[in-house]
Amino acid sequence: MRRLAPLTALAAALLVAACSSGPPPRVWAANVCSALTPWRAELQSLTTKAQEQANAAPNSAQAKENLVRLFDGAQKSTEAARAKVEAAGVPDVDNGEKIAHNFIATLTAVRDAYGHAKDGVTALTAGDAHTFSDGVATVLTTLNTEYSKSAIDVSQLDSVELRKAFDEVPECK
């Protein structure tokens, strides 16, 4: 009978460990914000650099090259952030799997929007400045539309614990 007690305790410990679904809310929020903060900074840097280059571009061909580089960088940076959020796992809260999925889906949609913009600019011909400019405007309109559709509102999370965690952890400030 004594031999069963340690086995029962071990089985119970394994069961508890198996039932634990993921990191606590504060840890998950910190991991997510640690992924998103440098991503946002990178996007801001790419945008600033692209604006400077656009003002200095001597022709449409150079502007096209700069825009393709911008959207490629934004796409890669977004994929890196998406992968880090995915690696954060599923928060240990009600509907944690749905919440984690929504964050990943949002970043996937943003990554894809940048990819579409890169492809759209790549497909433009730079020969006529006016036609190129109109094409870029269309690409940017599409990007903005796709980007806005993908937005996730942290205040609308259906987890009180996660809302509190996002408000409190230093990584999210």
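Higher on the page you've got the structure.
Quick look at the structure, then. What you see as residue numbers is a count from 1 along each chain, following the sequence as written. Given that the model is predicted, a residue must reach a pLDDT of at least 70 before its local features are reported, and side-chain atom pairs must reach 80 or more before they are shown or counted; all residues, however, enter totals for whole chains, interfaces and linings. Hydrogens and water are ignored here; the side-chain numbers use all heavy atoms of the structure.

All right, on to the overall build of the protein chain then. For the purposes of this entry, the term helix denotes a DSSP run of H or I that reaches at least four residues, the term strand denotes a run of E that reaches at least two, and both are numbered from the N terminus. When you go through the protein chain residue by residue, the secondary structure sums to six helices and zero strands. Helices and strands appear in the protein chain in the N-to-C order α-α-α-α-α-α. The criterion used for residue contact is that any of the two residues' heavy atoms lie within 4.5 Å. Nonlocal contacts in the protein chain, meaning residues at least 24 apart in sequence, comprise 79% of its contacts between residues at least 6 apart. When the accessible surface of the protein chain is totalled, it reaches about 10,400 Å², and 57% of it is carbon and sulfur. In short, Shrake-Rupley with a 1.4 Å probe defines the accessible areas, and a residue's cover is counted only from the protein chains shown.

With that settled, consider the side chain of Lys64. Here Lys64 is to be found in helix 3 (residues 60–87). Of the side chains bearing the opposite charge, Glu65 lies closest to the buried Lys64, which forms no salt bridge; the N-O distance is 9.8 Å. Among the polar contacts made by the side chain of Lys64, one reaches the main-chain carbonyl oxygen of Leu124 at a distance of 2.5 Å. Setting aside chain neighbours within four positions, we find Lys64 in contact with Val121, Thr122, Leu124, Ala126 and Phe132. Only protein chains enter the accessibility calculation, which uses a 1.4 Å probe; a residue is then buried when its area is under 20% of its type maximum, exposed when over 50%, and partly exposed in between. Counted charges follow a simple rule, with Lys and Arg positive, Asp and Glu negative, and His plus the chain ends left uncounted. Each reported salt bridge corresponds to a side-chain nitrogen of Lys or Arg within 4 Å of a carboxyl oxygen of Asp or Glu. In protein, a polar contact means a hydrogen-donor-capable atom and an acceptor-capable atom, both N or O and within 3.5 Å, with residues adjacent in sequence counting only if both atoms are side-chain atoms; elsewhere, any N or O pair within 3.5 Å suffices.

Axis definition: a line fit to C-alpha positions, over the contact stretch in the case of helices; interaxial angles, taken between N-to-C directions, run 0 to 180 degrees. Interhelical geometry of helix 4 (residues 96–123) versus helix 5 (residues 129–150) gives an angle of 175° and a closest axis separation of 9 Å. Compared by their axis directions, helix 4 and helix 5 come out roughly antiparallel. Counting all contacts with helix 4, which are made through Thr106, Ala109, Val110, Asp112, Ala113, Tyr114, His116, Ala117, Gly120 and Val121, the residues of helix 5 involved are Val139, Leu143, Glu146, Tyr147 and Ser150. Counted by class, the contact of helix 4 with helix 5 contains nine nonpolar, four polar and two charged residues. Orientation categories follow fixed angle ranges, with anything under 35 degrees roughly parallel, anything over 145 roughly antiparallel, 65 to 115 roughly perpendicular, and all other angles oblique. Basically, the charged four are Asp, Glu, Lys and Arg, the nonpolar ten are Ala, Val, Leu, Ile, Met, Phe, Trp, Tyr, Cys and Pro, and anything else, Gly included, counts as polar.

We now examine the state of the cysteines. Disulfide: a covalent bond connecting the sulfur atoms of a pair of cysteines. Two cysteine sulfurs form what is called a disulfide whenever their separation falls within 2.5 Å. A full pass over the atoms with the stated rule returns one disulfide. Covalently, Cys33 is tied to Cys172 through a disulfide, its sulfur atoms 1.9 Å apart. The chirality of the disulfide connecting Cys33 with Cys172 is right-handed, given an S-S dihedral of about 100°. With Cys33 in helix 2 (residues 25–56) and Cys172 in the segment after helix 6 (160–168), this residue pair connects regions lying 139 residues apart in the sequence. According to the relative accessible area criterion, Cys33 is buried, its value standing at 9%. Its relative accessible area of 24% is what places Cys172 among the partly exposed residues.

Glancing now at unusual backbone geometry. One non-glycine residue with positive phi stands out, namely Asn95, at about 60°. Looking at the secondary structure, you find Asn95 in the loop between helix 3 and helix 4. The class for Asn95 is partly exposed, based on a relative accessible area of 44%.

Where two aromatic rings form a pair, the distance of their centres and the angle of their planes describe that pair. For Phe, Tyr and Trp, where Trp contributes only its six-membered ring, two rings pair if their centres lie within 6.5 Å, and the inter-plane angle classes them as stacked under 30 degrees, edge-to-face over 60, or tilted in between. Scanning the model with the defined rule gives four aromatic pairs in all. Considering the side-chain rings of Trp28 and Phe166, the 6.1 Å spacing of their centres and the 85° angle between planes classify their relative orientation as edge-to-face. Within this pair, whereas Trp28 is found in helix 2, its partner Phe166 is found in helix 6, the two being separated by 138 residues in sequence. Judged by its relative accessible area of 0%, Trp28 is buried. According to the relative accessible area criterion, Phe166 is buried, its value standing at 8%. Their ring planes at 10° and their centres at 5.8 Å tell us that Phe103 and Phe166 sit as a pair that is stacked. Taken together, the residues span a long stretch of sequence, with Phe103 in helix 4 and Phe166 in helix 6 at a distance of 63 residues.

It is worth stressing that arrangement in space is one thing and function is another; only the former is reported here.
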